Amino acid sequence: QVQLVESGGGLVQAGDSLRLSCLASGRTFSNYAMGWFRQAPGKEREFVASVRWSSGITRYADSVEGRFAISRDNAKNKVYLQMNSLRPEDTAIYYCAARMIVQGDYSSWGQGTQVTVSS
């Protein structure tokens, strides 16, 4: 069973940086894609970024392209989301998720970590 545990959220000011971490366990993740999603109050959950564990291929939402960077550390089984030039509209609960590459939907989710950006 896949387990995902996020950490690194907090309260920052606009323009600051923050790095989120996701510790993955329970599987060998070479055939997985890992993603970060976020959900702001009153809004639906939205895709932020993803990375394929074996190839390192990444994908980003337009709203974070150029400001956020997703990466993975195979040795530590961790996925990171480096967030730079944060904006108040980035305020949300951020979730780590995993899916097998052959699957269309993310099937495993972490508990989330709160990111609050003040203006």
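Structure: above.
Residues numbered from 1 in each chain as written. Predicted model: local features only at pLDDT ≥ 70, side-chain atom pairs only at ≥ 80, totals over all residues. Heavy atoms only, no water.

A. Up close: the pairing of strand E8 (residues 78–83). In the sheet, strand E3 (residues 18–25) pairs with E8 via 6 bridges, with the strands oriented antiparallel. Note that in E8 the partner of Leu-18 across the bridge is Met-83. As defined by bridge partners, strand E7 (residues 68–73) adjoins E8 across 6 bridges and the pair is classed as antiparallel. The residue bridging Ser-71 from the neighbouring strand is Tyr-80, located in E8. (Pairing = 2+ DSSP bridges. Helix = DSSP H or I, 4+ residues; strand = E, 2+ residues; numbered from the N terminus.)

B. View of the packing of aromatic side chains. Counted by the stated rule, this structure contains 6 aromatic pairs. One aromatic cluster is present, formed by Phe-37, Phe-47, Tyr-106 and Trp-109 through successive ring pairs. Sitting over the ring of Trp-109, Arg-45 keeps its end group 3.7 Å from the ring centre. One residue, Arg-99, lies across the ring of Tyr-106, its end atom 5.4 Å from the ring centre. (Phe/Tyr/Trp six-rings, centres within 6.5 Å; stacked < 30°, edge-to-face > 60°. Lys NZ or Arg CZ within 6 Å of the ring centre and 35° of its normal.)

C. Geometry of the sheet that holds E3. Pairing within the open sheet is antiparallel, and its 4 strands lie in the order E1-E3-E8-E7. The open sheet has two edge strands, strand E1 (3–7) and E7, and neither has a second partner. Each strand axis lies, on average, 15 degrees off the axis of its neighbour in the sheet, ignoring direction. Of the pairings in the sheet, the one linking E1 to E3 comprises 5 bridges and is antiparallel in character. Opposite Glu-6, over in E3, you have Cys-22 as the bridge partner. (Axes fitted to C-alpha atoms, helices over the stretch in contact; angles between N-to-C directions.)

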